[in-house]
Every structure is written in C-alpha cells, then in structure tokens.
Amino acid sequence: NNINEIFENLLQGNSQNVICTDSNVAKISFVKDFLEKAKNSSAQIVIIPAGEENKTIESVLSIVKGALEKSFSRSCRFIAIGGGVISDMTAFASSLFKRGAKLEIVPTTLLSMADACIGGKTGCDFDNYKNMIGTFYPASKLHFCPEFILSLNQTEYLSGLAEVIKTAMLYSTELFNILKNEHKKIMAKDKKILFKMIKIWYNNYN
C-alpha cells in the first residue's frame with residue numbers, strides 16, 4: 001500500500017489510537033500531516049526523542065501513560081511509526097497495557113522492515129544492557145511502504161539491505177533472486193523493485 005492509503009486506513013475502525021513515533025520521523029512532511037489529522041480524531045500522540053539512548057523503560061512507560069491519560073480501554077490500538085527503537089518500545093507498551101492491547105506497526109527503515117518488526121520482538125534497554133527487558137508480542141498488522149525507504153540516507157539504506165540479504169538467504173528464494181538479478185536497480189532505490197520486495201515481506205509476515 002502507499003503511505004496515503006495506510007494512514008487513511010489507520011484512522012478508521014478504532015477511535016482509541018495511541019500513535020507513537022520519534023522526533024525525526026515526526027518531521028517528515030507526510031507523517032507530520034498524518035499526526036495533525038490524528039490529533040483531530042482524538043488520538044493520543046506520543047513523540048519520543050530519536051536515538052538508541054532513549055530506548056528506556058521510562059520511554060515505554062510514557063507510551064503507556066499516553067493511553068491512560070485518554071482513559072483508553074483494552075480494545076485500544078497502539079500504532080508505531082518508526083524504526084526498530086520505536087517499534088520495539090511501542091510493542092512493549094502495547095503488551096503491558098491492560099495485559100495486552102492491539103498493535104500495528106508502520107516500519108520506516110529498511111532494517112526495521114526486514115528484522116525489527118518481524119517476529120514479535122519487543123523491549124527496551126536497561127542499566128546499559130541492550131534489550132534487557134521485553135516480551136514477544138506480534139503485531140496484528142504490519143504496514144510496509146516504499147516511501148520511507150526513499151527518504152533514508154545511504155548508510156541507513158545499506159545497513160538495512162544487509163539484513164534483507166540475510167533474510168532472503170534464510171527464508172525466501174524469490175527475494176534472493178530479486179537481490180541477485182536486480183542489484184543495480186536496488187542500489188538506485190528503484191521504487192518498483194522496492195515495492196516488489198516489500199510485497200514479498202508483506203505476504204510472508206502480515
């Protein structure tokens with residue numbers, strides 16, 4: 001799905017939404033527009049400062065507190081829009097709130113699409129130990145779209161691509177063949193190829 005369809009659908013079907021993102025993603029124009037619409041729909045918006053250093057239990061609890069401030073019920077929905085840090089923390093908060101609320105993830109980096117949001121991993125860092133506290137709590141829906149990949153810098157893109165290669169070698173002959181045969185287009189961030197790759201992930205994991 002394209003980003004406009006995803007965001008439009010996210011504002012439908014549930015009036016109790018806790019939307020969590022980070023301070024960098026929140027500045028992206030189409031995300032900023034979505035957050036404004038979400039506020040008007042009575043959603044709770046939680047923006048966490050960007051960076052691994054903010055992947056703390058305090059940040060997780062601030063997401064939980066956001067749901068409590070709105071007096072949301074267990075039938076509310078937590079929505080993560082971000083990379084691995086945001087998806088891990090929002091998923092953790094969702095698993096804790098009233099013993100488990102609905103969770104949907106919109107991954108914004110290639111690495112989070114290929115790894116972080118797959119398999120239900122949640123958690124945060126604690127006492128200088130990475131991902132020391134957490135649970136397994138798979139999202140009910142994963143929303144993949146290529147618009148976010150196009151906004152990545154080269155370092156982030158290559159980091160995610162390495163994880164895609166690993167995923168393809170382990171789980172998908174179809175994806176591996178795309179990587180092998182279309183590497184020039186992939187390095188050029190060809191939107192059609194990216195969409196095809198994302199569709200494979202979507203069909204496998206959503």
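Residues numbered from 1 in each chain as written. Predicted model: local features only at pLDDT ≥ 70, side-chain atom pairs only at ≥ 80, totals over all residues. Heavy atoms only, no water.

## Section: the overall build of the protein
For clarity, the threshold we go by: Strands are runs of DSSP state E lasting at least 2 residues, helices are runs of H or I lasting at least 4, and numbering of each runs from the N terminus. In this treatment the radius of gyration is a C-alpha quantity, and the globule benchmark scales as 2.2 Å times the residue count to the 0.38 power. Only protein chains enter the accessibility calculation, which uses a 1.4 Å probe; a residue whose area is less than 20% of its type maximum is buried, one above 50% is exposed, and one in between is partly exposed.
A count of helices and strands for the protein gives 10 helices and 7 strands. The C-alpha radius of gyration of the protein comes to 17 Å, within 12% of the 17 Å expected for a compact globule of 206 residues. Judged by the C-alpha coordinates and their principal axes, the protein covers about 50 × 35 × 25 Å. Counting over 206 residues, the protein shows a buried share of 49%.

## Quick word on the sheet that holds strand β1 (residues 17-22)
How we decide: Pairing between strands requires that DSSP locate at least two bridges from one strand to the other. Residue contacts are defined here by distance: any two heavy atoms, one from each residue, within 4.5 Å place the two residues in contact. Fitted lines through C-alpha atoms give the axes, limited to the stretch in contact for helices. The angle between two N-to-C directions lies from 0 to 180 degrees.
The strand order across the open sheet built from 5 strands is β2-β1-β3-β4-β7, with neighbouring strands paired in parallel fashion. A strand with exactly one partner marks an edge of an open sheet, and here the two such strands are β2 (44-48) and β7 (141-142). Pairing geometry for strand β3 (residues 77-82) and strand β4 (residues 102-107), over 6 bridges, is parallel. Following the sheet pairing, I81 is matched in β4 by V106. Strands in contact with helix α3 (residues 57-69) are β1, β2 and β3; relative to β2, the strand with the most contacts, it is inclined by about 165°. Set on the sheet, helix α4 (residues 84-96) makes contact with β1, β2, β3 and β4; between it and β3 the angle comes to about 170°.

## Some remarks on the pairing of β4
Heads up, the rule is: A clockwise path from the first strand over the helix to the second, with the strands pointing away from the viewer, defines a right-handed crossover.
Within β4, 5 of the 6 residues are buried, which leaves it mostly tucked inside the rest of the structure. One crossover worth recording links β3 to the parallel β4 by way of α4, and it is right-handed. Two strands pair when backbone bridges link them, and β4 and β7 are joined in this way by 2 bridges, in the parallel orientation. Pairing of E104 across the sheet is with K141, part of β7.

## With respect to a nonpolar patch on the surface
Put simply, the test is: Nonpolar side chains (Val, Leu, Ile, Met, Phe, Trp, Tyr) are joined into patches within 5 Å and like charges within 9 Å, using only residues with over 30% relative accessible area and no salt bridge. Surface accessibility in these figures is a Shrake-Rupley result with a 1.4 Å probe; residues are shielded only by whichever protein chains are displayed. Throughout this description, the term salt bridge denotes a Lys or Arg side-chain nitrogen within 4 Å of a carboxyl oxygen of Asp or Glu.
The grouping of F126, Y129 and M132 at the surface amounts to a nonpolar patch, some 340 Å² of accessible area in total. Within the secondary structure, F126 is located in strand β5 (residues 124-126).

## A word on the pairing of β2
As a general feature of sheets, a regular strand has side chains that alternate between the two faces. Within β2, 4 of the 5 residues are buried, leaving the element largely enclosed by the surrounding structure. As judged from the 5 bridges shared by β1 and β2, these two strands associate in the parallel manner. Looking at β2, one finds that I19 is bridged to I45.

## Section: the packing of helix α1 (residues 3-10) against helix α2 (residues 29-40)
What counts here: Geometric relationships in this document are graded by angle, where less than 35 degrees denotes roughly parallel, more than 145 denotes roughly antiparallel, 65 to 115 denotes roughly perpendicular, and other angles denote oblique. Here a crossing is called left-handed whenever its near helix is offset anticlockwise from the far helix by less than a right angle, and right-handed whenever the offset is clockwise.
Packing of α1 against α2 leaves a shortest axis separation of 11 Å and a crossing angle of 20°. Judged by the angle between their axes, α1 and α2 are roughly parallel. Between α1 and α2 lies a crossing of right-handed hand. Touching I3, F7 and L10 of α1 are F30, V31 and F34, all from α2.

These values are about where atoms sit, not about what they do.
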